[in-house]
Amino acid sequence: EMEAKYTKKMQALRDEMDLRRKTEIHELEERKNTQISELMGNHEGAFGAIKNYYNDISAKNLTLINLLKEQVEDLKKREAVLEKEKADVLLQNKELREPLQEAQDKVAELQKKLVHYNSDKEALMNSKAHLKITQKELKDLQWEHEVLEQRFSKVQEERDELYQKFTKAINEVQQKTGFKNLLLERKLKGLLNLLEQKEVELSEVIAASNLDPSALSLVSHKLEDVLNSKNATIHELQLQLARVCKAHNDMLQTFEAKLTAFGIPVDNLGFRPLSFPFPGQ
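Residues numbered from 1 in each chain as written. Predicted model: local features only at pLDDT ≥ 70, side-chain atom pairs only at ≥ 80, totals over all residues. Heavy atoms only, no water.

Caption draft 1: Representation of the overall build of the protein chain in the model. Of regular secondary structure, the protein chain possesses two helices and zero strands. Considering only contacts within the protein chain whose residues lie at least 6 apart along the sequence, 80% involve residues at least 24 apart. Carbon and sulfur atoms make up 58% of the accessible area of the protein chain, which amounts to about 24200 Å² in all. (Helix = DSSP H or I, 4+ residues; strand = E, 2+ residues; numbered from the N terminus. Contact = heavy atoms within 4.5 Å. Areas by Shrake-Rupley, 256 points an atom, 1.4 Å probe, with all protein chains shown as cover.)

Caption draft 2: Fine view of the pattern of salt bridges. The tally for this structure, following the rule as stated, stands at five salt bridges. A salt bridge links lysine 136 to aspartate 140, with the nearest nitrogen and oxygen atoms 3.3 Å apart. Here lysine 136 pairs with aspartate 140, and both are found in helix H1 (residues 2-209), just four residues apart, close to one helical turn. Its relative accessible area of 36% is what places aspartate 140 among the partly exposed residues. Its salt-bridge partner being arginine 243, residue glutamate 236 comes within 3.7 Å of it at the nearest N-O pair. Judged by its relative accessible area of 38%, glutamate 236 is partly exposed. (Salt bridge = Lys/Arg side-chain N within 4 Å of Asp/Glu carboxyl O. Buried < 20%, exposed > 50% of the residue type's maximum accessible area, 1.4 Å probe, protein only.)

Caption draft 3: Quick peek at the packing of aromatic side chains. Enumeration according to the criterion identifies one aromatic pair in this entry. On the numbers, 5.4 Å between centres and 75° between planes, the contact of tyrosine 53 with tyrosine 54 is edge-to-face. (Phe/Tyr/Trp six-rings, centres within 6.5 Å; stacked < 30°, edge-to-face > 60°.)

Caption draft 4: Broad picture of a negative patch on the surface. On the surface, Glu24, Glu27, Glu29 and Glu30 cluster together into a negatively charged patch. Tracing the backbone through its elements, the reader meets glutamate 27 in helix H1. (Patch = residues over 30% accessible without salt bridge, like charges linked within 9 Å, V, L, I, M, F, W, Y side chains within 5 Å. Lys, Arg positive; Asp, Glu negative; His and termini not counted. Charge placed at Lys NZ, Arg CZ, Asp CG, Glu CD.)

Caption draft 5: A nonpolar patch on the surface, seen in detail. Taken together, Ile50, Tyr53 and Tyr54 make up a surface patch of nonpolar side chains, about 350 Å² in accessible area. With respect to the secondary-structure elements, tyrosine 54 resides in helix H1.

Here it is as structure tokens:
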């Protein structure tokens, strides 16, 4: 009984499930058919729009092609006209080439003449300006020449006067300096001779006196003092002689510098001034 009962339930459930499955399949087919219909409608609409769009484009292209054909025809006609005009222009150019070449040659020649004319004109103006400047410079130089001649005459007079004064002064200074140097040298020589004589006499006196060592030492000290005094005198005389020689040489250098400044060669003096060496040289 239970098996029959459950078999019956199972059959009822199976029938119910089959019915539900069929119902759902039917609904699904309905929705699918609806979507297919919508898609077909959309596709037909899009296809119609695309068809219309391309029909319009084709119509426009046909119109444009016809228009371009007309333009091409017009361009061909214009090209033919232009070719004819070109032939006419080439013929005219050929006829005008020789006159044009002659005109160009003439223009080139005239331009060359114009360049030479301008350069000659500019050179003439420059020459006139340079001539004016040169004339002014000549006048200035003539005036400066006159002034320089006057100054030269005056400088010559001053030079001759200074030359005479310097010649006289150098002779006087040479005479005085030479005489003073001679006196100093003779005095120095005399003192040296006197010193040698005194030393000889002193040696003879010491040898003959047979003094004791203490007295001899005292005499030697006194003699050394005298010799030191004499040596100091000799040194002072030598310094005086060196100062006189230096002053003489400085005067000669100054004199030669003045002669050089006035443009007078030293050889024009007629003699060579003596330059005294310093003592010890």
